[in-house]
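Notes for the structure review
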Amino acid sequence: MPDRPGGRNPVPAPPPPLAGTVVVSFEQAVSAPYCTRMLADLGAEVIKVEHPRSGDLTRWFDDAADGIATYFVWLNRNKRSLALDCKRPEARAVLDRLLDRADVVVQNLAPGSARRLGLDAATLVERYPAMVAVDISGYGTGGPLDHRRAYDLLVQAESGSCAATGRADAPAKPGIPIADIGTAMQAAAGIMAALLARARTGAGAALQVSMFDTAADFLGFALLYARYTGEERAPLGMSSPIVAPYNAYPTKDGRTVVLGTTNDAEWQRLARDLIGRPDLADDPSLATTPQRCGQRARLDEAVGAWAAALDLAEICARADAAGIGNAEFNRVTEVVDHPQLTERGRWREVGSPAGPLASLLPPVITPAWTTPLEDVPALGEHTTAILTDLGFAPEAQDELRRAGAVRPLPAHDQSGET
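Everything numeric here is computed off the predicted structure, so don't read it as measured data.

1. Focus on the sheet that holds strand S9 (residues 246-250)
Ordered by their spatial adjacency, three strands build an open sheet running S9-S10-S11, and the pairing between neighbours is antiparallel. In this open sheet, the two strands that pair with only one neighbour each are S9 and strand S11 (325-328). On average, each strand axis in the sheet is tilted by 20° relative to the strand beside it, whichever way the strands run. Note that strand S10 (residues 256-260) and S11 share four bridges and pair antiparallel. Residue leucine 259 lies in a different strand from S11, and its bridge partner there is asparagine 326. Along the sheet face, helix H13 (residues 296-308) touches S9 and S10 and points at about 35° away from the line of S9.

Structure representation (structure tokens):
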């Protein structure tokens, strides 16, 4: 019988659920790389195919992480980098052997590129019926915009997300790239569902996920409200157009507290127990959420005056005691050392060409498996090892390099120029 955890021979944690799953990704920027990072964090072997000279464009966004782009560090731990020029005819033999091994293929190449290379999901699943293949695009297939390149801001503008953010006279793009990240999460969920179905039936699936469809779906109630009323609720900055009071309020010590109510019972507690205004709690014109939304300015004035007389810590303590949702407005620099991250050990280190770098653990927490935290790869770092795994002898690898089909770049030539 194996020892208990902590004994002389502790039982090792089971491998992560996607261990043994091979994912090949032809990816750039955020949506596909975040999708495959999620799969890699769950144990999949992710082979990231990059152009031998330019690589993933996010490699060159900045050099803030000890010389490496923060975007790239965020999205590409736990991956192996293969520098392969897929457009060269000599690369076909490498692609064929790579695809023969793949359980999953993900691509978010420019519109039409994957189809020309035979890497679109429909073509791949026709050739490999047990494969799960995913096309990530800006606007999907069909419709007047399917030819367009798409970036997060462009899709958020086109989908109405920017109009629902900021203020009516100052629309804004959310700071988090939700079109990219949301699409990545939709794709990852679809992949895992398809793998589960394949385990039962043996059949793969060709999946399509678009950024526009994702952003439109994320609009949710706002889009449905517009459909059924012909109107749209004006964005209110850090407030909400559907409940009140719910806003950010300056405090006595120069900070900002966010307080919110989402139902009538919370409103009664806020008015009576928190800000000491039973007159507001008893006012029949404030009894329901729609009524309170119609008198938002009046409520914000009352809550704001109360908050301005107290320090942030006291407000949060009183709100907690009253059962009212509250939060401190933090700058991004303040979140780096936020105790909810540091005291729970959420920051870890991963290796990189520049040495150890900080990385957050995946949001899913479980003792059921060990989460891998492997290196962020240099461009083409694993090319030789992958070619060897695919059965290419050293002489054949040299021929591929001479033809320009594969080429791990020397460090001094990793400029991103084509």
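2. Regarding helix H8 (residues 211-219)
If you check which residues of H8 are buried, you get Met211, Thr214, Ala215, Ala216 and Leu219. Packed against the buried residues of H8 are strand S5 (132-137), helix H6 (152-159), helix H7 (178-201), strand S8 (205-210) and helix H9 (221-229). Note on H8: the residue one or two positions beyond its end, glycine 220, has a positive phi of about 50°.

3. Here we look at the packing of H7 against H8
In a pair of packed helices, the angle between the axes and the distance between the axes together describe the arrangement. Following both chains from N to C, one finds H7 and H8 inclined at 100°, their axes separated by 8 Å at the closest point. Judged on the interaxial angle alone, H8 and H7 are roughly perpendicular. Two secondary-structure elements touch here, H7 through Ile178, Ala179, Asp180, Gly182, Thr183 and Gln186 and H8 through Met211, Thr214, Asp217 and Phe218. Residue composition of the contact of H7 with H8, by class: four nonpolar, four polar and two charged.

4. Observations concerning the layout of surface pockets
Quantified by volume, the second largest pocket comes out at close to 1,100 Å³. Put simply, the parts of the chain that give the lining of the second largest pocket at least two residues each are helix H1 (31-41), helix H2 (70-75), helix H15 (332-335) and strand S13 (357-360). Residue classes in the lining of the second largest pocket are distributed as 18 nonpolar, three polar and three charged.

5. So, the confidence of the model for the protein
Here the protein averages 93 in pLDDT, while 95% of its residues score no lower than 70. In the predicted structure, residues 1-7 sits below a pLDDT of 50 and forms six contacts with residues beyond four places in sequence or in another chain. Low pLDDT, under 50, characterises residues 409-418; the stretch is placed with 15 contacts to residues that sit more than four places away or in other chains.

6. Observations concerning a nonpolar patch on the surface
The grouping of Val336, Trp347 and Leu360 at the surface amounts to a nonpolar patch, some 240 Å² of accessible area in total. Along the chain, tryptophan 347 falls in strand S12 (residues 347-350). Using a relative accessible area of 33% as the deciding quantity, one classes tryptophan 347 as partly exposed.

7. Focus on the pairing of S5
Of all six residues in S5, five are buried, a share of seventy percent or more. Bridge count between strand S4 (residues 104-107) and S5: four bridges; the pairing is parallel. When the bridges of S5 are listed, valine 104 appears paired with valine 132. Relative to S8, S5 is paired through six bridges, and the arrangement is parallel. Opposite valine 132, over in S8, you have alanine 205 as the bridge partner.

8. Side note on the sheet that holds S4
Spatial strand order, S3-S2-S1-S4-S5-S8: six strands in an open sheet with parallel pairing. Two strands lie at the open edges of the sheet, namely strand S3 (79-83) and S8, each paired on one side alone. Each adjacent strand pair in this sheet contributes to an overall mean axis angle of 20°, direction not counted. Bridge analysis of strand S1 (residues 22-26) against strand S2 (residues 45-50) gives five bridges, and the strand direction is parallel. By the bridge assignment for S2, phenylalanine 26 is matched with valine 49. Each of S1, S2, S3 and S4 touches helix H3 (residues 92-101); the most contacted strand, S2, lies at about 155° to it. Most of the contacts of H7 go to S8, to which it runs at about 165°, and overall it touches S4, S5 and S8.

9. Observations concerning H6
Quick reminder: α-helices carry 3.6 residues per turn. Residues three or four places apart thus point the same way. Residues of H6 that are buried: Asp152, Val155, Gln156 and Ser159. Along H6, the residues classed as buried sweep out an arc of 100° about the axis, all on the same side. The inward-facing, buried residues of H6 contact H7 and H8. At the exit of H6 stands glycine 160, carrying a positive phi of roughly 95°.

Calculation notes
- Residues numbered from 1 in each chain as written.
- Predicted model: local features only at pLDDT ≥ 70, side-chain atom pairs only at ≥ 80, totals over all residues.
- Heavy atoms only, no water.
- Pairing = 2+ DSSP bridges.
- Helix = DSSP H or I, 4+ residues; strand = E, 2+ residues; numbered from the N terminus.
- Axes fitted to C-alpha atoms, helices over the stretch in contact; angles between N-to-C directions.
- Contact = heavy atoms within 4.5 Å.
- Buried < 20%, exposed > 50% of the residue type's maximum accessible area, 1.4 Å probe, protein only.
- Parallel < 35°, antiparallel > 145°, perpendicular 65-115°, else oblique.
- Nonpolar A, V, L, I, M, F, W, Y, C, P; charged D, E, K, R; others polar.
- 1 Å grid on protein atoms, 1.4 Å probe; cavity = no way out; pocket = protein on both sides within 12 Å on 5 of 7 lines; lining within 4 Å.
- Points joined across faces, edges and corners; volume = space filled by probe spheres on them.
- pLDDT = per-residue confidence, 0-100.
- Patch = residues over 30% accessible without salt bridge, like charges linked within 9 Å, V, L, I, M, F, W, Y side chains within 5 Å.
- Areas by Shrake-Rupley, 256 points an atom, 1.4 Å probe, with all protein chains shown as cover.
- Salt bridge = Lys/Arg side-chain N within 4 Å of Asp/Glu carboxyl O.
- Arc of directions from axis to C-beta.

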